[in-house]
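Residues per chain are reported as follows:
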Amino acid sequence: MLLCNIGTPKSTKYGDVFCYLKKFLNDPRVIDIPQPFRYILVNGIIIPRRLRQSAKSYERIWQEEGSPLFIHTKSLSKHLQQSLGPDFLVDFAMRYSEPLIEQKLEKFQKLKKIIIFPLFPQHASATTGSTIEEVMRVCSKWKTFPEIVFLNQFYDHPGFIEALALQGEKYDLNRYDHILFSFHGLPDRQIRKQDLHGCCLRSGCCNKIDNENSSCYKAQCYDTAKRLSERLFIAQDRYTVTFQSRLGKDVWTKPYTIDTIRSLAKKGVKKLLVFSPAFVTDCLETIYEIGIEGAQEFLHLGGEILDLVESTNCHPVWVKACEQLIKQQVVCKAQ
């Protein structure tokens, strides 16, 4: 079983951050425009403008053992191996950095069955889709093929929701004036490309999961937020679903997290709690983008407290949920 995460620079040095950004942003599933324009945009504009700030941002969150995303993913792999026992071989890989998927798949080639577990709760082409495409690219070179199973999404898995809720219950929810469920954003065009049934043409199409929009990233985000709010008994008027990490000038999924943080502060909200349910490991997008950058903006505009709820990371309930998801694949095959 191979856990797959997005990746992280090897260090905070400019050269390592440059290599990571170059591989990540040149993926056609991440920036889905024709190759010549993508090459110019990424290598001529985005990376030169963002490199220095990205390196500084990583410096703010870097730990002695390395990137938090790397640390938590490695730890989850270790805990899951202990939980599953010797009948399973568990390892982890990164889509855009070492250890690469191609490197780790080599040790699985002789097995009868490989379970690929992209660590992205809500399915998107730029994350889960890119991971699956890379696995297929690597395996297409093999002469013999084991059975390969992909865990495409787990946005609604009870164990995942429970682990998020338990992380949230470390905070006194009644202390806060408002709560944000901040998910990673996507360009609107990518949401529309995943729409096979014309759901995006309907008003409020993402507010409820049905047979036609069950694969929609945005609808899955709203469903995760709904399940989590119900589990934590958060009234609908006390929370907002938002989207973060916008890149470029294109229209992305709205409302934007940073705009909402500013708006709430200007309206007099003093205490804000933020969940990031699109991330199972704390990383640059959670620790820095919300916990540091977002908090500084909120306080600057008159807010008093912005707290970030930790991701599921290696919470025991999340480890157990991963075990259940994996064993379900074995049971389904046996039946």
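Please read all numbers here as calculations on a predicted model, not as lab measurements. (Residues numbered from 1 in each chain as written. Predicted model: local features only at pLDDT ≥ 70, side-chain atom pairs only at ≥ 80, totals over all residues. Heavy atoms only, no water.)

Taken together, the buried positions of helix α5 (residues 125-139) are occupied by A126, T128, G129, S130, T131, I132, E134, V135, V138 and C139. For α5, the secondary structure elements touched by its buried residues are β1 (2-5), α4 (101-105), β3 (113-118), β4 (147-150) and α7 (188-193). (Buried < 20%, exposed > 50% of the residue type's maximum accessible area, 1.4 Å probe, protein only. Helix = DSSP H or I, 4+ residues; strand = E, 2+ residues; numbered from the N terminus. Contact = heavy atoms within 4.5 Å.)

Okay, the packing of aromatic side chains next. Following the criterion strictly, the structure yields 12 aromatic pairs and no others. Centroid distance F24 to Y96: 5.1 Å. Interplanar angle 55°. Geometry classified as tilted. Of this pair, F24 sits in helix α1 (residues 14-25) while Y96 sits in the loop between β2 (91-94) and α4, and the two are 72 residues apart along the sequence. Here Y96 falls in the buried class, since its relative accessible area comes to 3%. For the pair F154 and W318, a centre-to-centre distance of 5.3 Å together with 35° between the ring planes defines the contact as tilted. (Phe/Tyr/Trp six-rings, centres within 6.5 Å; stacked < 30°, edge-to-face > 60°.)

Next up on the list: the sheet that holds strand β5 (residues 178-184). Pairing within the open sheet is parallel, and its four strands lie in the order β6-β5-β7-β8. Strands at the two margins of the open sheet, each flanked by one partner only, are β6 (239-244) and β8 (305-308). Strand-to-strand twist across the sheet, computed as the mean angle between neighbouring axes with direction ignored, equals 25°. The pairing of β5 with β6 spans six bridges and is parallel. Its bridge partner being in β6, F183 is matched across the sheet by F243. Sitting on the sheet, helix α8 (residues 217-231) touches β5, β6 and β7 (271-275), and the angle it makes with β5 is about 150°. On top of the sheet, helix α9 (residues 257-266) reaches β5, β6, β7 and β8; it is set at about 165° to β5, its chief contact. (Pairing = 2+ DSSP bridges. Axes fitted to C-alpha atoms, helices over the stretch in contact; angles between N-to-C directions.)

Here the focus is the pairing of β8. Burial of the side chains of β8 extends over both faces: I305 and D307 are buried on one face and L306 and L308 on the other. The pairing of β7 with β8 spans four bridges and is classified as parallel. Bridging from a neighbouring strand, L273 pairs with D307 of β8. At this point the chain moves from β7, through helix α10 (residues 284-300), to the parallel β8, and the crossover so formed is right-handed. (Right-handed = clockwise from strand over helix to strand, strands pointing away.)

In spatial order, the strands read β2-β1-β3-β4; together these four strands make up an open sheet with parallel pairing. If you trace the sheet from one side to the other, it starts and ends with β2 and β4, each paired once. The average angle at which neighbouring strand axes cross in this sheet is 25°, direction not considered. Taken together, the four bridges between β1 and β2 define a ladder with parallel strand orientation. Note on β2: the bridge partner recorded for L3 is F92. In this fold helix α3 (residues 68-84) packs onto β1 and β2, with an angle of close to 155° to the strand it touches most, β2. The sheet strands contacting α5 are β1, β3 and β4, and the helix crosses β4 at an angle near 170°.

Before going further, it helps to examine empty space enclosed by the protein. Enumeration over the complete set of coordinates arrives at one cavity of 30 Å³ or more. Roughly 40 Å³ of volume is contained in the largest cavity. In this structure, the largest cavity is lined by L164, F275, S276, V309, E310 and S311. Of the residues belonging to the lining of the largest cavity, the class tally is three nonpolar, two polar and one charged. (1 Å grid on protein atoms, 1.4 Å probe; cavity = no way out; pocket = protein on both sides within 12 Å on 5 of 7 lines; lining within 4 Å. Points joined across faces, edges and corners; volume = space filled by probe spheres on them. Nonpolar A, V, L, I, M, F, W, Y, C, P; charged D, E, K, R; others polar.)

Right, let's talk about the side chain of T73 for a bit. Structurally, T73 can be placed in helix α3. In terms of polar contacts, T73 uses its side chain to reach the backbone carbonyl oxygen of L69, at 2.7 Å. Once you skip the residues sitting within four places of it in the chain, T73 turns out to touch L3, N5, F92, M94, L119 and T281. (Polar contact = N/O pair within 3.5 Å; in protein donor to acceptor, adjacent residues only side chain to side chain.)

With 81 residues, the main nonpolar core has L25, L80, F117, F181, F183, W318 and I326 as its most contacted residues. Counting residues per element, this core draws most heavily on helix α2 (residues 35-61), at seven residues. Beyond its immediate chain neighbours, meaning those up to four positions away, F117 contacts M1, L2, L3, C4, L151, F154, W318, C322, L325 and I326. (Core = buried A, V, L, I, M, F, W, Y, C linked by side-chain atoms within 4.5 Å.)

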